[in-house]
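Single-letter residue listing:
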Amino acid sequence: MKLSLSLAAAALALSVSFACAHEFKLGPLKIGHPWSRATPAGAKVGGGYLSIENTGTTPDRLVSVSVPFAAHAEMHEMAMKDGIMTMRPLEKGIEVPAGGKVEFKPGGYHIMFMNLKQPLKQGEMMKGTLTFEKAGSVDVEFKVDSIAAKGGEADHKGH
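Residues numbered from 1 in each chain as written. Predicted model: local features only at pLDDT ≥ 70, side-chain atom pairs only at ≥ 80, totals over all residues. Heavy atoms only, no water.

A closer look at the overall build of the protein chain
- What the protein chain contains, in helices and strands, is one helix and 11 strands.
- The order of α-helices and β-strands along the protein chain, N terminus first, is α-β-β-β-β-β-β-β-β-β-β-β.
- For the protein chain, buried positions account for 37% of its 159 residues.
- The contacts of the protein chain with a sequence gap of at least 6 include a subset with a gap of at least 24, amounting to 66%.
- Counting only carbon and sulfur atoms, one obtains 58% of the accessible surface of the protein chain, whose full area is about 9100 Å². (Helix = DSSP H or I, 4+ residues; strand = E, 2+ residues; numbered from the N terminus. Buried < 20%, exposed > 50% of the residue type's maximum accessible area, 1.4 Å probe, protein only. Contact = heavy atoms within 4.5 Å. Areas by Shrake-Rupley, 256 points an atom, 1.4 Å probe, with all protein chains shown as cover.)

What follows is the structure, given as structure tokens:
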């Protein structure tokens with residue numbers, strides 16, 4: 001009895017860790033924890049964040065993002081230039097180097113969800129599709145965190 005309870009507890013812990021991982025895979029590409037912040041009612045834009053790791057031997061390029069909850073999505077880069085924060089669209093997408101990783105996070109690369117069709121509500125999972133130049137397309141879900149989420153490990157414990 002004791003052994004079966006221990007095995008059951010171990011199996012449950014293992015299944016919970018897999019369910020909380022919130023990762024997606026497409027060939028050599030690993031997409032880690034897509035997330036967004038909740039938006040106030042009436043907001044027209046939202047932001048999306050995630051990581052892309054390329055375990056392959058050739059680079060690939062994220063060329064587009066599409067989501068049903070916004071009119072369109074764009075990849076952007078924020079950077080400091082001459083002491084001023086700038087933001088520009090990445091019209092050709094972003095390269096994910098072979099054996100490398102790209103992070104979309106607040107204050108850097110990010111996805112802009114333009115002309116939202118609905119508010120993003122904390123706790124929801126919002127569907128989207130990432131399209132890569134070589135690997136093709138993969139469906140993902142953006143976990144909507146609190147409006148104040150910063151994207152650090154503390155925000156994503158238990159996801």
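Digging into the pairing of strand β11 (residues 136-145)
- Examined bridge by bridge, strand β2 (residues 29-37) and β11 share three bridges and lie parallel to one another. Residue pairing for β11: S36 is matched across the bridge by V144.
- Sheet topology places strand β10 (residues 125-132) next to β11; eight bridges connect them, and they run antiparallel. Bridge pairing links G128 to V140 in β11.
- Connecting β10 to the next strand, β11, in antiparallel fashion are three residues. (Pairing = 2+ DSSP bridges.)

Description of the environment of M126
- Topologically, M126 is positioned in strand β10.
- Given a relative accessible area of 7%, M126 falls into the buried group.
- Between the C-alpha atom of M126 and that of V144, which follows or precedes it by 18 residues, the distance is 7.4 Å.
- Among residues more than four places away in sequence, those in contact with M126 are F69, Q118, L120, V140, E141, F142 and V144.

As far as function goes, none of this settles anything; it's purely spatial.
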